[in-house]
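# Residue-level structural notes
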2 protein chains.
Amino acid sequence: MHQHNCVSLVPLFSQLSEQEQDTVNSIVHQHHYQTGETIFAAGDSMDALMIIASGQAKVFQLASNGKEQLLHLLTAGDFDGETALFSQAKHNSFAEALMPTMICQINRTEFQQLMQKYPTISLNLLNELGRRMTELEKRTTQTSTSSVESRLADYLVETSAQFGKNDFKLPLKKKDLATYLGTTPETISRKLGELERNGLIEQTGSKQICIVDQEALEML
Amino acid sequence: MHQHNCVSLVPLFSQLSEQEQDTVNSIVHQHHYQTGETIFAAGDSMDALMIIASGQAKVFQLASNGKEQLLHLLTAGDFDGETALFSQAKHNSFAEALMPTMICQINRTEFQQLMQKYPTISLNLLNELGRRMTELEKRTTQTSTSSVESRLADYLVETSAQFGKNDFKLPLKKKDLATYLGTTPETISRKLGELERNGLIEQTGSKQICIVDQEALEML
DNA sequence: CGTTCTTTTGATGTTTCTCAAGGCAGGTGG
DNA sequence: CCACCTGCCTTGAGAAACATCAAAAGAACG
């Protein structure tokens, strides 16, 4: 019945045997979201761990002045909602599907039982939280210590590394990329133009980027 | 021998019985640091959980351009180093004592054994990491969506709430406060002056702040 | 193939940083 | 107990980076 096997996608459960994974899989609830659909909103009570089975979603906050801040980009195998599995009961951020997206959920109580049964899960969870913490710390530091140009350069290098190619398609609309990097779409557009004029990158299609001089990008 | 009982200070261990806490206490190593002394540096291998028994320390990163970013302010009962108890082996940040400070350490392997023995510890750890994640997300959002003035106002309100008084002493040098809020000492100085001229606060001594109009501060 | 959302480009404005210099405070040694 | 010294804070003037606003061009989608 669970045609998209979320569980096997997630490192969280990777140490479990196939049988055990099947058990986990059987308590999973599936949901499908269309592009632009809200997965959860700030203020919603948070009672389940969410795993992206397929597709893509953005997690963001809204400041009181209405500005958006992109916190995480979730793709297949990523999960969210874990922080609230223990402490607070409310989401403090929003999640929205960026394309048709399949999500698997595990209820709080059931997840807690899983953690009791398989302690390795909580270790994996601690690891993943640590990883995110580290990443967010880095981003915070960058946002307040370096220029948009260097943040953008860093983002391009890292993204190309993730794809394993010099030539890749931005996984985000520039509008969203802007809020991710703590700037505006206009500035992104201008800085990309500047990088191209300086021969560090090439913009082939819309969103299609090719890194020409990685060395120089990393220098920023 | 362990005159400063760190263990009882830390919520991490609060669910343990007194006997169990004694056990934990017996594997703790103490260190003392003087004002300005480095507790750990980026690149150091991270092999212990650190608990502040008394005093205060700042955790910060250094950007490639030499700028400092204050990530956390640790006071008695806070701990750090947990992210590395599982995954990476190197610190990515620095910690420095801001006053004479007593630190208790628990080695990685011993801490892992503790977690095996008392699963409640890992739950507490997950909670605390979640709390920090939430706080850092908020700060990231604020840094890139609102002005220095409103970040500062928010900081003042929150700090006064922590002290439970309208009248309090800043726990940080303005220099450090500046890097915490992602700005410069000069700007902090000017904005505080502005808030005072507008009748929202009063600056009595150096670092001594009195909140006059909390409502208005929260509006920013 | 038109409608809508995104992106680009230009002109302008503002916030905040930078640099420089003077004042203040707190700690140290005489 | 005072005078000094060092680092911290303030204040000003100028510059830079970036945001904002407006409008046109370009994608994406049904």
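From a predicted model like this one, the values you see are computed outputs, not experimental measurements. (Residues numbered from 1 in each chain as written. Chains lettered and ligands numbered in written order. Predicted model: local features only at pLDDT ≥ 70, side-chain atom pairs only at ≥ 80, totals over all residues. Heavy atoms only, no water.)

## Details of helix α6 (residues 174–181) of chain A
Residue and element names in this part refer to chain A.
- Taking burial as the measure, the eight residues of α6 include six buried ones, the bulk of the element.
- Listed in full, the buried residues belonging to α6 are D176, L177, A178, T179, Y180 and L181.
- Turning to α6, the residues buried within the fold contact β4 (56–62), β5 (68–75), α4 (119–145), α5 (148–163) and α7 (185–197). (Buried < 20%, exposed > 50% of the residue type's maximum accessible area, 1.4 Å probe, protein only. Helix = DSSP H or I, 4+ residues; strand = E, 2+ residues; numbered from the N terminus. Contact = heavy atoms within 4.5 Å.)

## Some thoughts on the sheet that holds strand β2 (residues 38–40) of chain B
- Taken in spatial order, the four strands make up an open sheet running β2-β7-β4-β5 (chain B), and their pairing is antiparallel. Of all the strands in the sheet, the pair left with one neighbour each is β2 and β5 (68–75) of chain B. Each adjacent strand pair in this sheet contributes to an overall mean axis angle of 30°, direction not counted.
- Sheet analysis places strand β4 (residues 56–62) of chain B next to strand β7 (residues 94–97) of chain B, joined by four bridges and oriented antiparallel. Along β7(B), the bridge assignment pairs B:V59 with B:A95.
- Packed onto the sheet, α4(A) meets β4 and β5 of chain B and runs at close to 130° relative to β5(B).
- The strands touched by helix α6 (residues 174–181) of chain B are β4 and β5 of chain B; relative to β5(B), the strand with the most contacts, the crossing angle is about 110°. (Pairing = 2+ DSSP bridges. Axes fitted to C-alpha atoms, helices over the stretch in contact; angles between N-to-C directions.)

## Brief notes about the protein's contact with DNA strand D
- Near DNA strand D there are 17 residues, and of these A:T183, A:T187, A:R190, B:K174 and B:R190 occur at the shortest range.
- Of what DNA strand D places within 4 Å of the protein, 57% of the atoms are sugar or phosphate.
- At 2.9 Å, a backbone N or O of A:V148 approaches a phosphate oxygen of DNA strand D.
- In this structure, a base oxygen belonging to DNA strand D sits 2.8 Å away from a side-chain N or O atom of A:R190.
- Only α7 of chain A together with α6 and α7 (185–197) of chain B provide two or more residues apiece to the surface near DNA strand D.
- Residue contributions to the surface near DNA strand D peak at four residues, all from α7(A).
- Split by residue class, the surface near DNA strand D holds one nonpolar, six polar and ten charged. (Near = heavy atom within 4 Å. Polar contact = N/O pair within 3.5 Å; in protein donor to acceptor, adjacent residues only side chain to side chain. Nonpolar A, V, L, I, M, F, W, Y, C, P; charged D, E, K, R; others polar.)

## Looking at the nonpolar core
- In this structure, A:F13, A:F111, B:F13 and B:F111 are the most contacted members of the largest nonpolar core, which totals 50 residues.
- Aside from chain neighbours lying at most four places away, what touches A:F111 is A:L12, A:F13, A:L49, A:L85, A:I106, A:I121 and A:L125.
- Counting 25 residues, the second-largest nonpolar core is a separate cluster that includes B:V157, B:L170, B:Y180 and B:I201. (Core = buried A, V, L, I, M, F, W, Y, C linked by side-chain atoms within 4.5 Å.)

## Some words on the protein's contact with DNA strand C
- Taken together, 17 residues lie near DNA strand C, and A:K174, A:K175, B:T183, B:T187 and B:R190 sit nearest.
- Here DNA strand C approaches the protein such that, of its atoms within 4 Å, sugar and phosphate make up 65%.
- Separating a phosphate oxygen of DNA strand C from a side-chain N or O atom of B:T184 is a distance of 3.4 Å.
- The separation between a base nitrogen of DNA strand C and a polar side-chain atom of B:E186 is 3.2 Å.
- Secondary structure elements with two or more residues in the surface near DNA strand C: α6 and α7 of chain A together with α7 of chain B.
- For the surface near DNA strand C, the element with the highest residue contribution is α7(B), accounting for four residues.
- Grouping the amino acids of the surface near DNA strand C by side-chain chemistry returns one nonpolar, six polar and ten charged.

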